[in-house]
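Structural overview
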Amino acid sequence: MGNSGGSLTTRSTGELHQLMRAAGFTGMDDTAASAENWQVTEFADAGPHSLANLVRSTGSPAVMVSFHDSDVGFVEALTPDGGSWEGLLNREMAESYEIPLEHFPLEPAVAGALAWSTAAGLAPDEEAIRHTLTGSALFAEELASALMVALGVPGAT
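As a starting point, this report considers the structure included with it.

The rules behind each value
- Residues numbered from 1 in each chain as written.
- Predicted model: local features only at pLDDT ≥ 70, side-chain atom pairs only at ≥ 80, totals over all residues.
- Heavy atoms only, no water.
- Helix = DSSP H or I, 4+ residues; strand = E, 2+ residues; numbered from the N terminus.
- Rg over C-alpha atoms; globule rule 2.2 N^0.38 Å.
- Buried < 20%, exposed > 50% of the residue type's maximum accessible area, 1.4 Å probe, protein only.
- Areas by Shrake-Rupley, 256 points an atom, 1.4 Å probe, with all protein chains shown as cover.
- Lys, Arg positive; Asp, Glu negative; His and termini not counted.
- Charge placed at Lys NZ, Arg CZ, Asp CG, Glu CD.
- 1 Å grid on protein atoms, 1.4 Å probe; cavity = no way out; pocket = protein on both sides within 12 Å on 5 of 7 lines; lining within 4 Å.
- Points joined across faces, edges and corners; volume = space filled by probe spheres on them.
- Nonpolar A, V, L, I, M, F, W, Y, C, P; charged D, E, K, R; others polar.
- Axes fitted to C-alpha atoms, helices over the stretch in contact; angles between N-to-C directions.
- Parallel < 35°, antiparallel > 145°, perpendicular 65-115°, else oblique.
- Left-handed = near helix turned anticlockwise from the far one by under 90°.
- Contact = heavy atoms within 4.5 Å.
- Phe/Tyr/Trp six-rings, centres within 6.5 Å; stacked < 30°, edge-to-face > 60°.

**What about the overall build of the protein?**
Counting its regular elements, the protein contains six helices and eight strands. Rg of the C-alpha trace for the protein: 14 Å, near the compact-globule value of 15 Å for 157 residues, within the 12% margin. Reported as C-alpha extents along the three principal axes, the dimensions of the protein are approximately 40 × 30 × 25 Å. Looking at the protein residue by residue over its 157 residues, the buried ones come to 46%. Surface accessibility of the protein: about 7,500 Å² in total, with carbon and sulfur atoms responsible for 51%. Across the protein, the 5 positively charged side chains and the 21 negatively charged ones have centroids separated by 9 Å.

Right, dumping it as structure tokens:
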């Protein structure tokens, strides 16, 4: 299983690539801006504290999905007040890679996602979050996009 990069979604009015570089992200692609200053940027790699560094520097909530072979997505989200949650996308495929699912319990992930979304001032859809975190897709990136919609990120598709 190889790392195939990731996707970062955050609200920022600044130049996101510069902020991401300073936080320890590398290999950023173009940033797609959506409504209400939310931005999505694909990246090649992130350091162990990159997400926390970015949230601290922007003062905005962020969610990062790290992809492995486009088969599995590891979700990590933070808010400026320290709220966090982790989740796993494409659980069935993760199981085939022998990723221990017990390290990614569903109920805490759903609760964390709801709290993160609410703290970000968004309107989450609990059923859609749960469906995304338990669903499967050919590519984990599809589930990541569906998760952003379920979290209520403006302009997410």
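After that view of the structure, there is still more to cover.
**So, the layout of surface pockets**
Its boundaries defined by the atoms lining it, the largest pocket holds a volume of some 300 Å³. Among the elements of the structure, strand S1 (3-11), strand S3 (31-33), strand S4 (38-43), strand S6 (62-68) and helix H6 (140-151) are those that each provide at least two residues to the lining of the largest pocket. Broken down by element, the residue count for the lining of the largest pocket peaks at four residues, all from H6. By residue class, the composition of the lining of the largest pocket is 10 nonpolar, six polar and two charged. One number sums up the size of the second largest pocket: a volume of about 170 Å³. Around the second largest pocket, the lining is made up of 16 residues, and of these Met64, Ser66, His68, Phe74 and Glu76 lie nearest the centre. Residue assignment for the lining of the second largest pocket shows that the elements contributing at least two residues are S1, strand S5 (45-46), S6, strand S7 (72-78) and strand S8 (84-89). Considering only residue class, the lining of the second largest pocket consists of seven nonpolar, six polar and three charged.

**A short note on the packing of helix H1 (residues 16-23) against helix H2 (residues 50-58)**
Packing of H1 against H2 leaves a shortest axis separation of 8 Å and a crossing angle of 130°. When the axes of H1 and H2 are compared, the pair comes out oblique. Regarding H1 and H2, the two cross each other, and that crossing is right-handed. Touching Leu16, Leu19, Met20 and Ala23 of H1 are Ser50, Asn53, Leu54, Ser57 and Thr58, all from H2. A class-by-class count of the residues in the contact of H1 with H2 yields five nonpolar, four polar and no charged.

**Some points on the packing of aromatic side chains**
In this structure the tally under the stated criterion is three aromatic pairs. Between Phe74 and Phe104, the aromatic rings sit 5.6 Å apart at their centres with planes inclined by 50°, giving tilted as the arrangement. Taken as a pair, Phe74 in strand S7 and Phe104 in the loop between helix H3 (91-96) and helix H4 (106-119) lie far apart in primary sequence, 30 residues in all. Considered together, Phe74 and Phe104 belong to a single accessibility category, that of buried residues.

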